[in-house]
Structure formats: structure tokens, C-alpha cells
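Chain and residue survey
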Amino acid sequence: SQELEQSPQSLIVQEGKNLTINCTSSKTLYGLYWYKQKYGEGLIFLMMLQKGGEEKSHEKITAKLDEKKQQSSLHITASQPSHAGIYLCGAAARGSTLGRLYFGRGTQLTVWP
Amino acid sequence: NAGVTQTPKFQVLKTGQSMTLQCAQDMNHEYMSWYRQDPGMGLRLIHYSVGAGITDQGEVPNGYNVSRSTTEDFPLRLLSAAPSQTSVYFCASSRDRDRTSGNTIYFGEGSWLTVV
């Protein structure tokens, strides 16, 4: 099965600081999803990356996909308390259906004012 | 989380009881799935369905049953609840299963289940 390793497991930053979360796959990536989860709530879709070198941004969050390294990174610029939560990456395995995602264990982000 | 509705949100069961977690989507999505989320384990796939009448097992199917009689609904049944099934359950749906279509996978808000 495909494994996704997220790093760091937890991150505590001061408001206004930039941060990066990484997601590394043990196998070739075929579609990489980033979700955000607040405690007690569901998963909120952030971005999906499909092609090597692809980069997408939404507000202050940017995600990149490096297919050669089998890695994706999520970068938050000028973090705010509203960015706090658990960030999860999910990926589809080669030959598998898109809906069969494998997930990393998540990165817990705390942003203090 | 547009369009995927899970019920109940919270449930406490006694060991051995059975129950059904409901999941419904109103987006006419072909693909639906159930995940469980445990501390330190991430999300793991329980069962999935690629269309009405078709279901298959995921990574951790034991102790769970599913059916897909309509496109909209995908209930998850716990046959005889065990403490090991205490978890948060998420239902998800997507338009289809082809990764090249670039479709988004939507998740419900989760169902918190405790088995005592």
C-alpha cells in the first residue's frame, strides 16, 4: 500500500510567520490532495495537484507537487490564527481509483498571536 | 463541506449492539467511500462504492457492512460493535473515479462513535 509521511507532526508558530508542511510518498504520486481539519469538524478541501511541477495558491496558502521527489509541500505565508488546525495530505495510488486515497497522519498547526 | 451529509454526529453504543451510520450526497456523485480516523493513524478506507449496486472493501473492512441501493445513499453498518470501533467516521464522495478528471473529493462532517 502507499504510505504518506507528513512532516512535521506538529508545528507552533507565531502569527505572521511563514511555514511549510511536507508530504512525502513511498510510491509514485497520482494526484495529491490537501485538506484542513479543525477539531471536531470535517475535512475542508484546500487544493489538488495532478502534474509534476504544478503549483496552486489560494489566499495565503500555496501547494507544490514534485513528482520526481514524490513529494508535495504546503506553504502558508504570514500565518494567522485562522490557519490553525490539522493539515492532511491524501494521494491516489497508481492503478487505483481516484476515490481510494491514502492519507498522511496529519500535521497539527498552532498559531499564537 | 457541500453536499455530503452524515448522521448521527455523535453516538454511544454498548459492545455487541449494531447501528447504521447514514451518508447522503446530493451532487449525483458516482463514487462514495467511508473512512475512519484514529489518533496517530490518519484516515483509513473502510469500504467504497463506484456506483449504485457496486461496493468493495478498503483497508479495514472487518466488522462493517455497506450497501449502495441508490446513487445518493451509502450507509455504513456496524454489525456487532466493539470498543476497537470507537473512532471518527467520515463519508466522502466524488464525481467519478478517474483521477485525470480533476474532480474534488468532498467529505462529510464526521460521526463520532464511542463503543463502551
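To keep things clear, this report deals only with the structure shown in the data block. From a predicted model like this one, the values you see are computed outputs, not experimental measurements. (Residues numbered from 1 in each chain as written. Chains lettered and ligands numbered in written order. Predicted model: local features only at pLDDT ≥ 70, side-chain atom pairs only at ≥ 80, totals over all residues. Heavy atoms only, no water.)

1. Some points on the overall build of chain B
- Across its full length, chain B holds zero helices and eleven strands.
- Over its C-alpha atoms chain B spans a radius of gyration of 13 Å, differing by no more than 12% from the 13 Å that the globule rule assigns to 116 residues.
- For the C-alpha atoms alone, the extent of chain B along its principal axes is close to 40 × 30 × 25 Å.
- A total of 116 residues make up chain B; the buried ones form 48% of that total.
- Counting only contacts in chain B whose residues sit at least 6 apart along the sequence, the fraction spanning at least 24 positions is 53%.
- Of the roughly 5,100 Å² that chain B leaves accessible, carbon and sulfur atoms contribute 48%.
- Counting 9 positive and 10 negative side-chain charges, chain B places the centres of these two groups 6 Å from one another. (Helix = DSSP H or I, 4+ residues; strand = E, 2+ residues; numbered from the N terminus. Rg over C-alpha atoms; globule rule 2.2 N^0.38 Å. Buried < 20%, exposed > 50% of the residue type's maximum accessible area, 1.4 Å probe, protein only. Contact = heavy atoms within 4.5 Å. Areas by Shrake-Rupley, 256 points an atom, 1.4 Å probe, with all protein chains shown as cover. Lys, Arg positive; Asp, Glu negative; His and termini not counted. Charge placed at Lys NZ, Arg CZ, Asp CG, Glu CD.)

2. Considerations on the packing of aromatic side chains
- Per the counting criterion, the structure on display carries twelve aromatic pairs over all chains.
- Here the aromatic rings of Tyr 35 of chain A and Phe 107 of chain B are separated by 5.0 Å at their centres, their planes lie at 85°, and the arrangement is edge-to-face. Of this pair, Tyr 35 of chain A sits in strand β4 (residues 32–37) while Phe 107 of chain B sits in strand β10 (residues 105–107), placing the two residues on different chains. Phe 107 of chain B carries the same exposure label as Tyr 35 of chain A, and that label is buried.
- Judged by centre distance (5.8 Å) and plane angle (15°), the ring pair of Tyr 31 of chain B and Tyr 48 of chain B falls under stacked. Highlighted residues: Tyr 31 of chain B in strand β4 (residues 31–38) and Tyr 48 of chain B in strand β5 (residues 42–51), separated in sequence by 17 residues. When sorted by exposure, Tyr 31 of chain B lands in the same class as Tyr 48 of chain B, which is buried.
- The ring of Phe 74 of chain B is capped by Arg 68 of chain B, whose NZ or CZ atom sits 6.0 Å from the centre of that ring. (Phe/Tyr/Trp six-rings, centres within 6.5 Å; stacked < 30°, edge-to-face > 60°. Lys NZ or Arg CZ within 6 Å of the ring centre and 35° of its normal.)

3. A word on the environment of Arg 95 of chain B
All names here are of chain B.
- Structurally, Arg 95 is set in the loop between β9 (87–94) and β10.
- The partly exposed category is assigned to Arg 95, whose relative accessible area is 44%.
- Taking the C-alpha atoms as reference, Arg 95 lies 19 Å from Ile 46; in sequence the two are 49 residues apart.

4. What to know about the pairing of strand β3 (residues 19–25) of chain A
Residue and element names in this part refer to chain A.
- Residues of β3 alternate between two faces, with Leu 19, Ile 21, Cys 23 and Ser 25 buried on one and Thr 20, Asn 22 and Thr 24 left unburied on the opposite face.
- Of the strand pairs in this sheet, β3 and strand β8 (residues 71–76) are connected by six bridges, and their pairing is antiparallel. The residue of β8 that forms the bridge with Asn 22 is Ser 73. (Pairing = 2+ DSSP bridges.)

5. Observations concerning the side chain of Gln 85 of chain B
All names here are of chain B.
- Inspection of the secondary structure assignment puts Gln 85 in the loop between β8 (76–78) and β9.
- Assessed through its relative accessible area of 5%, Gln 85 is described here as buried.
- If we ignore the near neighbours within four places in the chain, the residues touching Gln 85 are Arg 36, Asn 62, Gly 63, Tyr 64, Leu 78, Ser 80, Leu 113 and Val 115.

6. Digging into the sheet that holds β3 of chain A
All names here are of chain A.
- On the basis of which strands lie adjacent, the open sheet formed by five strands has the order β1-β3-β8-β7-β6 and antiparallel pairing. At either margin of the open sheet sits one strand with a lone partner, and together these are β1 (4–7) and β6 (55–58). Mean inter-strand twist for the sheet, computed between neighbouring axes without regard to direction, equals 15°.
- Bridge count for strand β7 (residues 61–66) against β8 is six bridges, and the pairing is antiparallel. Pairing of Ile 61 across the sheet is with Ile 76, part of β8. (Axes fitted to C-alpha atoms, helices over the stretch in contact; angles between N-to-C directions.)

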